[in-house]
Amino acid sequence: MVMDVVPVALGARSYEVRIGPGLLQRAGAEIAPLLRRKRVAVVTDETVAAHHLAALEAALAAEGIAMTSLALPPGEGTKGWPEFARTVEWLLDQKVERRDVVVAFGGGVIGDLVGFAAAVLRRGVRFVQIPTTLLSQVDSSVGGKTGINTPQGKNLVGAFHQPALVLADTLVLESLPARDFLAGYGEVVKYGLLGDAAFFDWLEVNGPDLARDAVKRQYAVRRSVEMKAEIVARDETEEGDRALLNLGHTFCHALEKATGFGDRLLHGEGVAIGCALAFELSQRLGLCSQEAPSRVRAHLRAMGMKVDLADIPGDLPDAAALLALMGQDKKVVDGQLRFILARGIGAAFVAADVPSDKVLALLDDAMRGR
Ligand code: GLY
């Protein structure tokens with residue numbers, strides 16, 4: 001197995017993201033050096049448990065590591081107070097101590113919830129992320145953002161708590177439904193768009209092969225993680241540059257709210273549509289040429305992804321209501337909408353002063369296309 005190792009340089013809280021096919025089978029050997037006693041508590045969801053928990057248990061047992069596990073219901077609905085409380089109490093019942101390690105084994109919901117549980121359990125225990133979706137491998141498992149949703153909104157309660165290790169098994173991605181894989185690709189393409197034009201060029205050629213070509217897939221995960229690690233090392237708590245990772249997300253969060261955070265629009269699909277809108281807005285503001293949004297849209301179309309508001313099934317609120325939903329975003333600072341805009345592909349920047357009438361006009365036109 002050829003494994004890539006991407007360091008996340010955060011001083012005493014530095015860690016590695018290890019990426020490669022078959023890492024799940026090596027999980028015991030990878031985790032063992034972190035352990036003071038040979039036992040871990042694993043939290044997963046029922047879908048991941050059905051597919052992969054036996055493999056993880058065997059990999060841990062091969063190193064003499066005992067495992068207890070909790071499988072939560074799959075889906076975004078799990079990421080709230082009730083399952084969070086259940087998880088924390090289960091970890092206490094397992095007698096997890098300050099020096100023990102908790103394992104988050106699943107997609108973004110599990111990573112965020114379990115990371116937050118680890119952050120508050122006994123005032124903080126170490127945790128290992130074993131992300132099982134493309135989205136969680138390239139984004140949510142790296143960088144230490146943890147948390148849950150509340151009735152007031154998504155990810156409004158949480159903590160920065162960095163994992164001690166991330167193990168991204170790129171083979172596991174082969175069992176993902178095609179739609180979930182493509183949704184995760186929305187975050188991959190985001191990295192090219194925000195900061196690496198050459199990576200976007202590469203994705204234009206190779207993106208369609210990622211689902212079946214293991215070598216290309218591993219490269220795409222590695223390059224995405226390298227970019228995220230570099231940004232997180234510069235700005236761990238999002239005082240500045242980390243906001244670049246939110247390219248497309250202001251539009252996305254409004255669309256997710258409007259569609260009820262469900263099956264109508266997956267997060268990564270919303271990110272892709274949001275990226276297309278962010279480039280269109282940048283062009284309308286005279287920041288980049290028409291070529292940039294045209295290329296973004298053409299690539300997303302070539303991948304078979306959602307690109308336009310017309311691709312979202314069912315009704316949407318009007319442009320003014322969508323704009324109002326953006327106003328509730330976490331990225332509002334002093335009441336001003338912060339957008340990530342771009343001077344071209346691979347050249348994104350944080351803009352604090354975007355005129356809301358321009359955003360309204362863009363959304364109005366986008367709604368007219370429906
Ligand atoms: N997903 C955005 C971030 O980690 O900052």
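As shown above, the structure is provided for reference.
Attention in this report is confined to the structure presented alongside it. (Residues numbered from 1 in each chain as written. Predicted model: local features only at pLDDT ≥ 70, side-chain atom pairs only at ≥ 80, totals over all residues. Heavy atoms only, no water.)

On a plain count of helices and strands, the chain comes out with 13 helices and 11 strands. Seen along its three principal axes, the alpha-carbon backbone of the chain occupies a region of about 60 × 40 × 40 Å. Within the span of the chain, comprising 370 residues, buried residues form 57% of the whole. Here the chain carries 41 positive and 46 negative side-chain charges, and the mean point of each set is 4 Å from the other. (Helix = DSSP H or I, 4+ residues; strand = E, 2+ residues; numbered from the N terminus. Buried < 20%, exposed > 50% of the residue type's maximum accessible area, 1.4 Å probe, protein only. Lys, Arg positive; Asp, Glu negative; His and termini not counted. Charge placed at Lys NZ, Arg CZ, Asp CG, Glu CD.)

In this section: the pattern of salt bridges. In this structure the tally under the stated criterion is 34 salt bridges. Here D263 and R179 are joined by a salt bridge, their closest N and O atoms 3.4 Å apart. Here R179 lies in helix α6 (residues 178-195) and D263 lies in the loop between α9 (249-258) and α10 (267-284), a separation of 84 residues in the sequence. A relative accessible area of 30% means that R179 is categorised as partly exposed. Each of the salt bridges in this network shares a partner with another, and the network as a whole consists of D4, D196, R222, R223 and E226. (Salt bridge = Lys/Arg side-chain N within 4 Å of Asp/Glu carboxyl O.)

Our focus in this paragraph is the packing of aromatic side chains. Evaluated as defined, the whole model comprises 6 aromatic pairs. Considering the side-chain rings of F84 and F116, the 4.6 Å spacing of their centres and the 15° angle between planes classify their relative orientation as stacked. Placement of the pair is F84 in helix α3 (residues 81-93) and F116 in helix α4 (residues 108-120), with a sequence separation of 32 residues. F116 shares its class with F84; the two are buried. Both rings, one in F251 and one in F339, keep their centres 5.2 Å apart while their planes meet at 50°; by these two values the pair is tilted. Placement of F251 in helix α9 and of F339 in strand β10 (residues 339-342) is noted, with a sequence separation of 88 residues between them. (Phe/Tyr/Trp six-rings, centres within 6.5 Å; stacked < 30°, edge-to-face > 60°.)

Let us now look at the site of the ligand. Neighbouring the ligand are the residues D139, K145, K228, E238, R242 and L245. The side chain of K228 places a nitrogen or oxygen atom 2.6 Å from an oxygen atom of the ligand. In isolation the ligand has 200 Å² of accessible area, and contact with the protein removes 89% of it. (Near = heavy atom within 4 Å. Polar contact = N/O pair within 3.5 Å; in protein donor to acceptor, adjacent residues only side chain to side chain. Areas by Shrake-Rupley, 256 points an atom, 1.4 Å probe, with all protein chains shown as cover.)

With that settled, the discussion passes to α9. Here α9 lies mainly inside the structure; 8 of its 10 residues are buried. Regarding α9, the residues found buried are H249, T250, F251, C252, H253, A254, L255 and E256. On its buried face, α9 sits against β8 (153-160), α6, α10, α12 (319-327), β10 and α13 (356-368). (Contact = heavy atoms within 4.5 Å.)

The pairing of strand β3 (residues 39-45) with strand β4 (residues 66-72) spans 7 bridges and is classified as parallel. Within β4, the residue paired with V42 across the bridge is S69. A crossover connection joins β3 to the parallel β4 through helix α2 (residues 46-61); in handedness this β-α-β unit is right-handed. (Pairing = 2+ DSSP bridges. Right-handed = clockwise from strand over helix to strand, strands pointing away.)

Looking now at the packing of α10 against α13. Running from amino to carboxyl end, α10 crosses α13 at an angle of 125°, the nearest separation of the two axes being 10 Å. If you check the angle between α10 and α13, you find them oblique. The handedness of the crossing between α10 and α13 is right-handed. Contacts between α10 and α13 involve L277, E280, L281 and R284 from the former and K358, V359, A361, L362, D365 and A366 from the latter. (Axes fitted to C-alpha atoms, helices over the stretch in contact; angles between N-to-C directions. Parallel < 35°, antiparallel > 145°, perpendicular 65-115°, else oblique. Left-handed = near helix turned anticlockwise from the far one by under 90°.)

Below, the discussion takes up the side chain of T170. Here T170 is to be found in the loop between β9 (165-169) and α6. Every residue in contact with T170, bar those within four places of it in the chain, is listed here: I19, G20, P21, Q137, R217, Q218 and V221.

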